[in-house]
Amino acid sequence: MKIGIIGAGNIGGNLTRRLTALGHDVSVANSRGPHTLTALAEETGATPVPVGEAARGAEIVVVTIPLKAVPNLPSGVLDGAAEGVAVIDTGNYYPQQRDGRIAGIEDEGLTESRWTERQLGHPVIKAFNGTYAQDILDRHRPAGDPGRLALPVAGDDETAKGKVRALIEELGFDTVDAGGLDDSWRQQPGTPVYGLRGGIQEVTKALSEASPERTADFRG
C-alpha cells in the first residue's frame, strides 16, 4: 500500500520504520525539507519528499504534526491522493505546553480532530494520539496474544475507519471503535484512555468513563 506521512517526529518516524518493515511504500515529509530526512530514508527505504508531495498516490495519509502547525500546511496538501484516501490525524491540543489557544476548540467546542478536519478540508480518522511512540516499535504483538494492546479509533467515514483499523491491526495492535469524530473527545489528552496501555476491554471501559469537560491542564 502507498502511504504518505506528514511529520517525522517520534510518531511519524516510528510509523515510517514499522510500515516500511511491513512492505508498504512510504513517502515521508517534514517542515524542514527532504534533505533533513536522509538518515531516516537510508534506515527504512522510505522516500523523503516535500510536504506538498507526501499524499501523491497515497491510499492512507498520516498527519502527525503539532496542532498549531496544521493551518500552515500547503493549500491542497491532499491533492493527488488516491481516490477514497483515508487521512489519519494523530494530533493533540496542548494549549499551555505548545499550541497556544485555539478558538475553534475552546469557544466552539470542536473536538481536536474536528478542528483539524476543517483545516484540511477532508475527513479524518483519529488514531495513535494517545500512543507512546516507542510502543509502535516495541509493543506490537500477533493477533490473539494476551499482551496485545488496543488503540481507540474515531471517525465518521466507516470505510476509511475500516481501512485504518486494518492497518493498525497489521501493525500488531487491536482496535476499538471509539465512535464518530464528535465522540473523539473520549480519547483526547486528560481522558482515561489517553496513554493507556491496555487491551480491548480496558480501552472500551476507559472510553466509557471519559468526561466531556476539558481538564484545566488542557485548557488555554
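Please refer to the structure placed before this passage.
Quick caveat: nothing in here was measured; it's all calculated off a predicted structure.

1. Observations regarding the environment of Pro192
Stage number 1. The topology assignment puts Pro192 in the loop between strand E8 (174-177) and helix H8 (200-208).
Stage number 2. Taking the relative accessible area as the measure of exposure, Pro192 reaches 37% and is therefore partly exposed.
Stage number 3. As for Pro192 and Thr36, which are separated by 156 residues in sequence, their C-alpha atoms are 36 Å apart.
Stage number 4. The residues touching Pro192, leaving out its near neighbours within four places in the chain, are Ala206, Glu209 and Ala210.

2. A short note on the environment of Thr90
Stage number 1. Its place among the elements puts Thr90 in the loop between strand E5 (86-89) and helix H3 (95-99).
Stage number 2. Along the chain, Thr90 and Lys126 lie 36 residues apart, while their C-alpha atoms are 6.0 Å from each other.
Stage number 3. Setting aside chain neighbours within four positions, we find Thr90 in contact with Ile11, Val62, Val63, Thr64, Ala127, Phe128 and Asn129.
Stage number 4. Side chain to side chain, Thr90 and Thr64 meet in a polar contact 2.8 Å long.

3. A short note on the side chain of Thr64
Stage number 1. Locating Thr64 in the fold gives a position in the loop between strand E4 (60-63) and E5.
Stage number 2. For Thr64, a relative accessible area of 12% puts it in the buried group.

4. Points about H8
Two residues of an α-helix separated by three or four positions point the same way, owing to the 3.6 residues in each turn.
Stage number 1. For H8, the set of buried residues is Val203, Ala206 and Leu207. Within H8, the buried residues cover an arc of 100 degrees as seen down the axis, which keeps them to one side. Residues of H8 that are exposed and point more than 90 degrees away from the buried face comprise Gln201 and Ser208.
Stage number 2. Next to the buried residues of H8 lie strand E7 (150-153) and E8.

5. Quick look at the sheet that holds E5
Stage number 1. The six strands lie next to each other as E3-E2-E1-E4-E5-E6, forming an open sheet whose pairing is parallel. Of all strands in the sheet, those with a lone pairing partner are strand E3 (47-48) and strand E6 (125-126), marking the two edges.
Stage number 2. Direction of pairing for strand E2 (residues 25-29) relative to E3: parallel, over a ladder of two bridges. Within the sheet, the bridge partner assigned to Val28 lies in E3 and is Pro48.
Stage number 3. Against the sheet, helix H5 (residues 112-120) engages E4, E5 and E6, with an angle of about 130 degrees to E5.
Stage number 4. Sheet strands touched by helix H7 (residues 158-171): strand E1 (2-6), E4, E5 and E6. Its angle to E5, the strand with the most contacts, is close to 65 degrees.

6. Some thoughts on the nonpolar core
Stage number 1. Ile5, Leu15, Leu19, Phe128, Val164 and Ile168 are the most contacted members of the largest nonpolar core, which totals 28 residues.
Stage number 2. Every element with two or more residues in this core is listed here: E1, helix H1 (10-21), E2, E4, E5, helix H6 (133-138), E7 and H7.
Stage number 3. The leading source of residues in this core is H7, at five residues.
Stage number 4. If you look at the next biggest cluster of nonpolar residues, it comprises 25 residues, including Val61, Val87, Leu110 and Trp115.

Criteria and thresholds
- Residues numbered from 1 in each chain as written.
- Predicted model: local features only at pLDDT ≥ 70, side-chain atom pairs only at ≥ 80, totals over all residues.
- Heavy atoms only, no water.
- Helix = DSSP H or I, 4+ residues; strand = E, 2+ residues; numbered from the N terminus.
- Buried < 20%, exposed > 50% of the residue type's maximum accessible area, 1.4 Å probe, protein only.
- Contact = heavy atoms within 4.5 Å.
- Polar contact = N/O pair within 3.5 Å; in protein donor to acceptor, adjacent residues only side chain to side chain.
- Arc of directions from axis to C-beta.
- Pairing = 2+ DSSP bridges.
- Axes fitted to C-alpha atoms, helices over the stretch in contact; angles between N-to-C directions.
- Core = buried A, V, L, I, M, F, W, Y, C linked by side-chain atoms within 4.5 Å.

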